[in-house]
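Remarks on the overall topology
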Amino acid sequence: MRFLSQRWLGAVAVLMLWQTEGQTQETVRIGDEVRPLPVVEPTEPKELQAAIERGVQFLIDDQNPNGSWGSPTKTKGLNIYAPVPGAHHAFRAGTTSLALSGLLEVAPDDPKTQSTIDRAEAWLYEHLGSLRRASGDAIYNVWGHAYSIQALVRLHGRHAGETEAQEKIVALIRDQFDMLQRYESVDGGWGYYDFRYQSNQPTSSSISFVNGAVLIALAEAREIGVEPPKRMVDRAIAATNRQKKSDFSYLYGEYLKDRPAREINRPGGSLGRTQCCNAALRAWGDETVTDDVIKTWLYRLYVRNGWLDIGRKRPIPHESWMQVAGYFYYFGHYYGAVCLDQLPAEQRSPYQAMLAKLILDRQEKNGSWWDYPLYDYHRPYGTGFALMTLHRCKTKGGERAEK
């Protein structure tokens, strides 16, 4: 397996039409090479819906009695650093938010999901206000703040026409803005560890994919009229751009700026976070992230998927080739699907087919998806990501199909 050519400085990918055997096939140009897109048959709508329904049923069955998902159980010989109890508060908030978002996207009106959604909504309202950093060095709570914003945005839509409920949701979203400002790095953006000085305002290095995830959540809040603080957004965008390389791969974190050719910072190592960072910058008006850039990296996500898949389910973070960690798998594909939504509807089909195949092939027998053994959080968060990915792969005449 070799890398795609990096001779395309400036990251301009030109999509053309390739004539082969009397058929028109899209291609991608990278540098001097013209490559035909893989021919992937679209998934039958019934097969796609059946997979979604198995995932939904898993989340219904896996929900905790209090309405949340995930727990600090299922420990193993080697566990990710997680100071108690704050780290697990953060993991549970992020996991619950992702599972809830998945249900609200793929089965918002299904009678069998309503009580599950209601319990998760009540749990968020009760527990979000107490989410804080776990310790001076562990700032996992930023994930909970980001993904809870996305869940709250979807709940806002669920309560359309209910003024009091929507006002409560908007207030909770603004609370998450305040917390993100509190835990913003002194350099702008966010990290999830502070191994420098552990000061009141974190001195953590800005991490590219954390910035991307938060910026996408903030952009979704803006879409429902809840405007995030401009200074916070601008600083996060600047921090992400400092980590962007000329080929639209991204450093893992700003602390690696002097080692841009390290494996984790090369295209194969960046494959699980490039989609997130590109989608985030484009959502906030970056015109350099063109349709062609989006398409090229969706192509790479499929044809170079092995870099991510080899790391999937490995218990030690970053032990795989290109220093890929397992938890980038469904994260990366979800944000690839977010990139799909940024393309014109009539141009999405080949990339939807690629993403759908990858996700469907990896569904577990119990209906879940998971990529990294994280206590007992991995199956619900992976399933939430996968459901939202498949939702964006449902098409009808180029447009998203309704259930």
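Since the structure is predicted, the reported quantities are computational estimates derived from the model, not experimental observations. Numbering of residues starts from 1 in every chain and runs along the sequence as written. Given that the model is predicted, a residue must reach a pLDDT of at least 70 before its local features are reported, and side-chain atom pairs must reach 80 or more before they are shown or counted; all residues, however, enter totals for whole chains, interfaces and linings. The basis for the side-chain values is all heavy atoms of the structure; hydrogens and waters are excluded.

Bringing the packing of helix α4 (residues 141-158) against helix α6 (residues 208-223) into the picture now. Only C-alpha atoms enter the line fits that serve as axes; for helices the fit covers just the stretch in contact. Angles between N-to-C directions range over 0 to 180 degrees. Strands are runs of DSSP state E lasting at least two residues, helices are runs of H or I lasting at least four, and both sets are numbered from the N terminus onward. The interhelical angle for the contact between α4 and α6, taken along N-to-C directions, is 25 degrees, at an axis separation of 9 Å. In terms of their interaxial angle, α4 and α6 are classed as roughly parallel. As for how α4 packs across α6, the hand of that crossing is left-handed. When α4 is examined against α6, the residues V142, W143, A146, Y147, I149, Q150, V153 and R154 are found in contact with a partner set consisting of F209, V210, A213, V214, I216, A217, L218, E220 and A221. In what follows, roughly perpendicular refers to angles from 65 to 115 degrees, roughly parallel to angles under 35, roughly antiparallel to angles over 145, and oblique to any angle outside these ranges. The crossing is said to be left-handed when, going from far helix to near helix, the turn is anticlockwise and less than a right angle, and right-handed when the turn is clockwise. Whether two residues are in contact is decided by their heavy atoms: any pair within 4.5 Å suffices.

So, about empty space enclosed by the protein. The rule is simple: put a 1 Å grid over the protein atoms alone, call a set of points where a 1.4 Å probe fits but cannot get out a cavity, call an open set with protein on both sides within 12 Å along at least five of seven lines a pocket, and count a residue as lining if it has an atom within 4 Å of a point. Grid points are joined across faces, edges and corners, and a volume is the space filled by probe spheres set on the points. Inspection of the entire model under this criterion finds two cavities of 30 Å³ or more. Here the second largest cavity is characterised by a volume of approximately 30 Å³. Taken together, L298, L301, Y302, Y351, M354, L355 and L358 form the lining of the second largest cavity. For the lining of the second largest cavity, the secondary structure elements donating two or more residues are α9 (291-303) and α12 (349-360). Top contributing element to the lining of the second largest cavity by residue count: α12, with four residues. Under the grouping applied here, Gly and all other residues not named as nonpolar or charged are polar, the nonpolar ones being Ala, Val, Leu, Ile, Met, Phe, Trp, Tyr, Cys and Pro and the charged ones Asp, Glu, Lys and Arg. Across the lining of the second largest cavity, the residue classes tally to seven nonpolar, no polar and no charged.

The next subject is the layout of surface pockets. Volume-wise, the largest pocket comes out at about 860 Å³. Forming the walls of the largest pocket are 37 residues, and the residues nearest its centre are W143, Y192, F209, Y252 and Y327. Of all the secondary structure elements, the ones that give two or more residues to the lining of the largest pocket are α2 (86-106), α4 and α13 (378-391). By residue number, the principal contributor to the lining of the largest pocket is α2, which donates five residues. Class assignment for the residues of the lining of the largest pocket results in 26 nonpolar, eight polar and three charged.

Between helix α11 (residues 329-341) and α13, the least distance of the axes is 8 Å, while the angle of their chain directions is 25 degrees. Relative to α13, the element α11 lies roughly parallel. The interaxial crossing formed by α11 with α13 has left-handed handedness. Of the residues in α13, those in contact with Y330, F331, H333, Y334 and A337 of α11 are G382, F385, M388 and T389. Tallied by class, residues from the contact of α11 with α13 come to six nonpolar, three polar and no charged.

Before going further, it helps to examine the environment of A345. Within the secondary structure, A345 sits in the loop between α11 and α12. For the pair formed by A345 and A51, sequence separation is 294 residues and the distance between their alpha carbons is 23 Å.

Between rings of Phe, Tyr and Trp, where Trp is taken as its six-membered ring, a pair exists when centres lie within 6.5 Å; planes separated by under 30 degrees are stacked, by over 60 edge-to-face, and by other angles tilted. Under the defined criterion, the tally for this structure stands at 27 aromatic pairs. With centroids separated by 5.0 Å and ring planes inclined at 65 degrees, the aromatic side chains of F209 and Y252 adopt a geometry described as edge-to-face. With F209 in helix α6 and Y252 in the loop between α7 (230-242) and α8 (267-283), this pair connects stretches of sequence that are 43 residues apart. This pair shows no difference in class: F209 is buried, exactly as Y252 is. Pairing Y329 with Y330 gives two aromatic rings, centres 5.1 Å apart and planes at 85 degrees, and the pair type is edge-to-face. Taken individually, Y329 and Y330 each receive the classification buried, so the pair is uniform in this respect. In this structure, R222 packs its charged tip against the face of W284, placed 3.9 Å from the ring centre. Classification of residues uses two cut-offs on accessible area relative to the type maximum, computed with a 1.4 Å probe and protein chains only: under 20% is buried, over 50% is exposed, and between them is partly exposed. Counting as a charge over the ring demands two things of the Lys NZ or Arg CZ atom: a distance within 6 Å of the ring centre and an angle within 35 degrees of the ring normal.

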